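Next come the chains, spelled out residue by residue.
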Amino acid sequence: MKTIGQLIKTPINKGRKCFECGTEYVAKEYSNIGIVYVPGCNCALKKQIQEEERKQRLYNFAILKRRLKDANFPYDTLGTRLKTRTCENIEAAKEYIKNFKPRSRQGLYFVGPVGNAKTTLAVCIGKELILKGYKVKFMVFSQAIRVLQSTYGTKNPLDFMEQVKEFAKYDLLIFDDFGREAYKDRTLTDVADFVNYLYTNLNNVIITSNPEMVEKIKQIPDFQAMFDRFFQMTKRKDFRKASYRRSNG
Ligand SMILES: [Zn+2]
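Conventions we followed
Residues numbered from 1 in each chain as written. Predicted model: local features only at pLDDT ≥ 70, side-chain atom pairs only at ≥ 80, totals over all residues. Heavy atoms only, no water. Donors = N, O, S within 2.8 Å, 3.2 Å for Na, K, Ca; no water. Buried < 20%, exposed > 50% of the residue type's maximum accessible area, 1.4 Å probe, protein only. Domains from an automatic or database assignment. Pairing = 2+ DSSP bridges. Helix = DSSP H or I, 4+ residues; strand = E, 2+ residues; numbered from the N terminus. Axes fitted to C-alpha atoms, helices over the stretch in contact; angles between N-to-C directions. Contact = heavy atoms within 4.5 Å. Parallel < 35°, antiparallel > 145°, perpendicular 65-115°, else oblique. Left-handed = near helix turned anticlockwise from the far one by under 90°. Nonpolar A, V, L, I, M, F, W, Y, C, P; charged D, E, K, R; others polar. 1 Å grid on protein atoms, 1.4 Å probe; cavity = no way out; pocket = protein on both sides within 12 Å on 5 of 7 lines; lining within 4 Å. Points joined across faces, edges and corners; volume = space filled by probe spheres on them. Phe/Tyr/Trp six-rings, centres within 6.5 Å; stacked < 30°, edge-to-face > 60°. Salt bridge = Lys/Arg side-chain N within 4 Å of Asp/Glu carboxyl O.

All right, on to the coordination of the zinc ion then. Looking at the metal site, the zinc ion is ligated by Cys18 (SG), Cys21 (SG), Cys41 (SG) and Cys43 (SG), spaced 2.3 to 2.4 Å from it. The exposure class of Cys21 is partly exposed, given its relative accessible area of 43%. Look at Cys43 and you get buried, because its relative accessible area is 16%.

So, about the domain arrangement of the chain. Domain annotation of the chain identifies domain 1 (4-38) and domain 2 (73-247). The distance between the C-alpha centroids of domain 1 and domain 2 comes to 66 Å.

Attention now goes to the sheet that holds strand β7 (residues 234-238). Strand order in this open sheet of five strands is β4-β5-β6-β3-β7, and the pairing throughout is parallel. Bordering the open sheet on either side are β4 (136-140) and β7, each of which pairs with just one other strand. Between one strand axis and the next, the sheet turns by 15 degrees as a mean value, whatever way the strands run. Two strands pair when backbone bridges link them, and strand β5 (residues 172-178) and strand β6 (residues 205-209) are joined in this way by four bridges, in the parallel orientation. Bridging across to β6, Leu173 finds its partner in Val205. Against the sheet, helix α9 (residues 223-232) makes contact with β3 (107-111), β5, β6 and β7, and its axis sits at roughly 135 degrees relative to β5, the strand it touches most.

For the pair helix α3 (residues 90-98) and helix α4 (residues 117-131), interaxial distance at closest approach is 10 Å and the crossing angle is 25 degrees. Our classification of the angle between α3 and α4 gives roughly parallel. The handedness of the crossing between α3 and α4 comes out as right-handed. Facing Ile90, Ala93, Tyr96 and Ile97 of α3, the residues of α4 in contact are Leu121, Ile125, Glu128 and Leu129. Partitioned by chemical class, the residues of the contact of α3 with α4 number seven nonpolar, no polar and one charged.

Approximately 260 Å³ is the volume attributed to the largest pocket. As for the largest pocket, its lining consists of 16 residues, of which Tyr96, Gln106, Gly107, Leu108 and Lys235 are closest to the centre. When residues of the lining of the largest pocket are traced back to their parent elements, those giving at least two are α3, β3 and β7. Among the residues forming the lining of the largest pocket, the class breakdown is five nonpolar, six polar and five charged.

Right, let's get into the packing of aromatic side chains. According to the stated counting rule, one finds 16 aromatic pairs in the structure shown. Between the aromatic rings of Phe141 and Phe175, the centroid separation amounts to 5.1 Å while the plane-to-plane angle is 70 degrees, which identifies the pairing as edge-to-face. Of the two residues, Phe141 is situated in helix α5 (residues 141-149) and Phe175 in strand β5; the sequence distance between them amounts to 34 residues. A single burial state applies to Phe141 and to Phe175, both of which are buried. Measuring from centroid to centroid gives 6.1 Å for Phe175 and Phe230, while their planes differ by 65 degrees, and the two rings are edge-to-face.

This brings us to the pattern of salt bridges. Side chains that differ in charge, positive against negative, can pair when their charged atoms come close. Overall, the coordinates contain eight salt bridges when judged by the stated rule. Measuring nitrogen to oxygen at the nearest pair gives 2.9 Å for the salt bridge that ties Asp238 to Arg236.

Take unusual backbone geometry next. With a phi close to 65 degrees, Asn89 is a non-glycine residue in the positive phi region. Mapping Asn89 onto the fold places it in the loop between α2 (43-71) and α3. Since its relative accessible area comes to 21%, Asn89 is described here as partly exposed. Look at Leu202: it is not a glycine, yet its phi comes out positive at around 60 degrees.

See the structure below:
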């Protein structure tokens, strides 16, 4: 009995060449259809891989864009990258990025006078970590408290602990301007609950703060325990110069 291949006078694809590189197709024998000429190069496979990689890059770019947007960095810090900066504690920042591990309770506490150096450096760290694939959230600390307390009203569908857990999902939380918030009514217990959860959950936080503000909130009765807990999660780095611009001449 003749195979289909033997029935066809000229084998399939005989004499064809690759469009890309000009390599002639080579004969290959199949038990059911006989001789078929197939590409003698791997151009088609390479093209397919390139296309897959392109799709992957587009997908990664979309994730990156979404994460950068979700991080909610202040507008005036968006253009800055770590490699172009010269400011205090830049080496500590690079070290932090290099050794970063999610859920390792490794944080930084940037203390210094008003100026954008500490906030911008915190944002730079956040951006680098997003580029490395991590999820980062930037919040002025009073804003974080506002979101947490919005769970008592009808506008936020989550309850308090659900909102805390939402925040705790991030690989890094940046709390800017800690100490400027007002501690009245239930704010102190809310913040204590929040910070305790982040502590137990091994969250990584970067806190920026102005020394006078910290002195002010230290005077609040019962604040010390909460305060200690927050700073058990971080390594203190001082900024002595007033601002990045001034320090840069
Ligand atoms: Zn080819």
